[in-house]
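Structure at a glance
Read off the chains here:
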Amino acid sequence: MTATTTHETSGGVPAPEITISEFGAQKALGILANSGKENAGVRVFIKSGGCSGYQYGMAIDDRELEGDLIVVDRGVKLLVDRMSLPLLRGSEVDFVENMMGGGFTVHNPNATSACGCGSSFRTDGAQSPDGEGAGGCGSH
């Protein structure tokens, strides 16, 4: 059986399992409209890997699988599988833009630490000073 929750912001409504920000919803609705998939939603999931042990994943999906939690927030259907739900409970999907571009992110109240890896660059062609920028994620 598939669990379905429809979230409408009004007084007295219990907090939904997962939400999407206003900006995230605008971006997601645009992507969903151009996906060519009827009745599609955004599947949010957790997979093993990454520097901190888990990675977030997102995909456009028009399937509702057995055990999925389905939340409709700000007009966007969010699908979460039963294995990912405990790690995503209370999270908000958002879209962020910065100098490196833009993309979806998850604000997760369950996370106790996060990896700080990112892209680095140099403009002068010089080597990094000893001990600076030479290590991998978590080395500082």
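Report on the accompanying structure.

About the cut-offs
Residues numbered from 1 in each chain as written. Predicted model: local features only at pLDDT ≥ 70, side-chain atom pairs only at ≥ 80, totals over all residues. Heavy atoms only, no water. Buried < 20%, exposed > 50% of the residue type's maximum accessible area, 1.4 Å probe, protein only. Helix = DSSP H or I, 4+ residues; strand = E, 2+ residues; numbered from the N terminus. Pairing = 2+ DSSP bridges.

**A short note on the pairing of strand 6 (residues 76-80)**
A regular strand carries its side chains on alternate faces of the sheet. The element strand 6 is extensively covered by neighbouring structure, given that five of its five residues are classed as buried. With burial as the criterion, each face of strand 6 is covered, one bearing Val76, Leu78 and Val80 and the other bearing Lys77 and Leu79. Bridge count for strand 3 (residues 41-48) against strand 6 is two bridges, and the pairing is parallel. Note on strand 6: the bridge partner recorded for Val42 is Leu78. Bridge analysis of strand 5 (residues 69-73) against strand 6 gives five bridges, and the strand direction is antiparallel. What sits directly across from Val72, in strand 6, is Lys77. Counting the residues between successive antiparallel strands, the hairpin from strand 5 to strand 6 contains two residues, one of them, Arg74, with a positive phi of roughly 55°.

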